[in-house]
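Summary of the model geometry
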Amino acid sequence: MTANDKKHSKPGKPAARGIRQTMSDLHIWAGLLVGWILYAMFLTGTVSYFKEEISQWMRPEVAHQAAVPDAAEVVPRIAEELQQMVPGSSQWSLGMADARNNVVSAFWRIAKPAKGERGFGSAVFDPQTGQKVSSRETVGGEFFYRFHFQFHYMPVLWARWLASFCAMFMLVAIVSGVITHKKIFVDFFTFRWGKGQRSWLDAHNALSVFGLPFHAMITYTGLVTLMAMTMPWASSAAFKTQAERQAMQSEISAFVPAGKPSGQAVPLAPLGDMVRQAQQRWGADRIGRVTVNNAGDASARVIVTYGDFERVSISPKYMLFEGSTGKLLEVKDQVGAAAETRGVLYALHLGRFGDTTVRWLYFLTSLAGTAMVGTGLVMWTVKRRTKLPHPDKPYFGFWLVERLNIAAIAGLSIGMAAMLWANRLLPLGMEKRSDWEIHWFFILWGASLVWAMLRPAKRAWVELLWAGCAALALLPVVNVLTTDRPLWRSAIDGDWVFTGLELTLLALAALHAWLAVRTWRHQPKRKPQRQAAPRPAANSPAPAARDVDSGATAASAAMAPDLQEARP
Amino acid sequence: MNHLAIQLVSLPAFALLALAMDRHQLDLLGRELPPGPTRGLRMAGWLALLASLAIAVGLKGWSLGLVTWCGHISLSAAIVLLTMVAWERRKSVKK
Amino acid sequence: MTSPALSGALRAALTKACQVGPLLSRIVAAIGGGYALAAVASVAALALPMDKPQAVLAGTMASFLVYTGAVVWVFAVRSATRAWLGLLLAAIPLLLAAWPVWNGVTPA
């Protein structure tokens, strides 16, 4: 069924529209309504693949880690520190330092939190000394990661519902996009450069198609990560007792809740030995987390959890020890088929299993996905501008979409860079410093929205893109001026975290500059009065090439009318 | 090293598949190839793609290999696409 | 208002409603109806011959595919009425499978 099929219709009734036309409409609306949020989710998700590295850069006081410390030595050091810090805590948990992480992240439960305080505390520890890290107070790259699925300044549950809602729209956009673009594989490599609306469409198509496996995977698996919240019906229908719910939990989570303490004080058996047992079973660098329940009590339990590296699943895999004696009680490394499937899907989304190359592939493909959403949003205005009777006075909906595009796309880069600027510039001892780094992210993002509303659209694009370029490019300079880890020293020292991150900032700055220049040069097209436009001699081709051009145009013309007919 | 091996096979795979399309034969070679060589190019392309999958799985096991392979072919497809775009631009600028 | 003007305004309103009504209906069918169908499907999975935790997970994971399919269906068919009919028809076997579960009669 093509878009040109018209059924015999009763007079007065609109002709039935082909499926590609309706899917095209669905695609456009699904994409547009949530596109701005999706763009933010995509970009923050993209950088989250390097969140540990970002966190390292944001804690410049913590030295570059030359070699990964042995978990069996690190754990006892920090455990001792924690037992002094929070002696009565029912549970504390250490996330290991590894090749990407030069600190140990610990959290612990607080039995009787003070009013207004949360029920758990967290801190970051130096693996070599076991002491709390004394560096500037910052959330680090974790902010972008958390923003990605629970935003900020709103209750966590609402935010996750919103993120799931947008992800569902995205999945529909993907499926409807594929149905619309029936000739998806034929047109796979076709991309025409610099031809206004056509090249926006081609860019959007190219980015969508070559990353299609990734985009579909990342969207679907994203929904899976939040499914316990969004689709609880099967679970609540099936499990009525606490025991049943616990059995379910053990299929999906390595979390072992702390039991009732016996009250009998027994010192913890050496944790290093327990970790060594795990290392012997799994490998020296495969320890992910060590959790201790009821430390110092006779009923203490120690859970050593397998790490993420090279394991394409997050299904629970751990060794459970009796805390007071160090005796191995249980080895969990198998779950049911559906649970393992869920574990794999979840792991595919997080991408934590990968080595540096895989992580870069994730990053680049995800960046392409971000660009896919961005080009889609921009394409909407480019297309509709040609139909505006008065391009300088667009109707409100168009004006709004255009300004939101500018703020959502160009503004987000500025906001993200602003957070890194704040990390370097905010006074070290400042009250609520980490909160303020985040506030600056939003302040600058909001400021770009205001700017976008006050300036003519094209100027706003160009100005904000240049601002983003400058904000990113100057970060290494700010770093030189405020820390003792300039780019050249990091390079000489072989510190690839700092070097890599700053070089990437420069590359992203260059990308923004390129976009700014292209936007400046872009001439919006009027709905063509088909005169012989002064095309560059390029297109006065040999006959063979002309066939190519018309062939290409014919192929895309089959698509273009679908989209042009879409309602604004 | 492992990653390079995968990419060095998947990249030509996509180049061959692209070349097996009439439109690109016209773009790059100035003429459409007869069906025989075209089919040969397509088969060679698919074989190379499968070979890159075999390399990935062989080096890293099924789960890690499959995922790594998917990442690599996305990159290969992108590189081939961008190369052809650049080629067309150069051609049109030269003329 | 004179009588013809009133009926003219009324007709304009009705026309608008006739244009927008089906679309709104589809949107409700897609977002609300699709979710309901997906939820029912996830519970219906418990009728499958597997351990309850596995069935729960399988059903929940599959529900998003059901949801997506439902949304595409709603907009692909010729009328809003057909859209709703399709969802209801799909729901019937799923409800039949899910009903015993909801009523606490767990299948073996």
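Up top is the structure these notes are about.
Please read all numbers here as calculations on a predicted model, not as lab measurements.

As for the overall build of chain A
Looking only at helices and strands, one finds 21 helices and seven strands in chain A. Here chain A, with 568 residues, has 45% of them falling under the buried criterion. For chain A, the share of sequence-separated contacts (at least 6 apart) that also reach a separation of at least 24 residues comes to 70%.

A few points about the pairing of strand β2 (residues 104–109) of chain A
Residues and elements named next belong to chain A. As defined by bridge partners, strand β1 (residues 91–95) adjoins β2 across four bridges and the pair is classed as antiparallel. Counterpart to Gly95 in the pairing with β2 is Ser105. Alignment of β2 against strand β3 (residues 120–125), held across six bridges, turns out to be antiparallel. Note on β3: the bridge partner recorded for Phe107 is Ser122.

Here's the deal with the pairing of strand β5 (residues 301–306) of chain A
Residues and elements named next belong to chain A. Among the six residues that make up β5, six are buried, leaving the element largely enclosed by the rest of the structure. In the sheet, strand β4 (residues 287–293) pairs with β5 via six bridges, with the strands oriented antiparallel. Looking at β5, one finds that Val290 is bridged to Val304. Where β5 lies against strand β6 (residues 318–322), five bridges are found, and the strand directions are antiparallel. Among the inter-strand pairings, Ile303 is bridged to a residue of β6, identified as Leu320.

Topic: the interface of chain A and chain C
In this assembly, 29 residues from chain A lie in contact with 27 residues from chain C. Elements supplying a minimum of two residues to the side of chain A that touches chain C: α1 (19–48), α5 (156–180), α7 (212–225), α9 (233–238), α10 (242–252) and α12 (337–350) of chain A. Considering only residue class, the side of chain A that touches chain C consists of 22 nonpolar, five polar and two charged.

Some words on the packing of α1 of chain A against helix α13 (residues 356–385) of chain A
Residues and elements named next belong to chain A. Running from N to C, α1 and α13 point in directions that differ by 150°, and their axes come no closer than 9 Å. Here α1 and α13 pass one another in a crossing that is left-handed. From α1, Ile28, Gly31, Leu32, Gly35, Leu38, Tyr39, Phe42, Leu43, Gly45 and Thr46 reach across to α13, where they touch Phe363, Ser366, Leu367, Gly369, Thr370, Val373, Gly374, Gly376, Leu377 and Trp380. Grouping the constituent residues of the contact of α1 with α13 by class yields 11 nonpolar, nine polar and no charged.

Considering the sheet that holds β5 of chain A
Remark on secondary structure: sheet strands pair via backbone hydrogen bonds, oriented parallel or antiparallel. Residues and elements named next belong to chain A. Pairing is antiparallel across the open sheet formed by seven strands, whose spatial order is β3-β2-β1-β4-β5-β6-β7. The open sheet terminates on both sides in strands that have one partner only, identified here as β3 and β7 (328–332). Strand-to-strand, the axes of this sheet are offset by a mean angle of 15°, without reference to chain direction. Where β6 meets β7, four bridges bridge the pair, whose relative direction is antiparallel. When the bridges of β7 are listed, Met319 appears paired with Val331. Of the strands in this sheet, β1, β2, β3 and β4 are in contact with helix α3 (residues 71–85), which crosses β2 at around 40°.

About the cut-offs
- Residues numbered from 1 in each chain as written.
- Chains lettered and ligands numbered in written order.
- Predicted model: local features only at pLDDT ≥ 70, side-chain atom pairs only at ≥ 80, totals over all residues.
- Helix = DSSP H or I, 4+ residues; strand = E, 2+ residues; numbered from the N terminus.
- Buried ≥ 20, exposed ≤ 12 C-beta atoms within 10 Å, placed from the backbone.
- Contact = placed C-beta atoms within 7 Å.
- Pairing = 2+ DSSP bridges.
- Nonpolar A, V, L, I, M, F, W, Y, C, P; charged D, E, K, R; others polar.
- Axes fitted to C-alpha atoms, helices over the stretch in contact; angles between N-to-C directions.
- Left-handed = near helix turned anticlockwise from the far one by under 90°.

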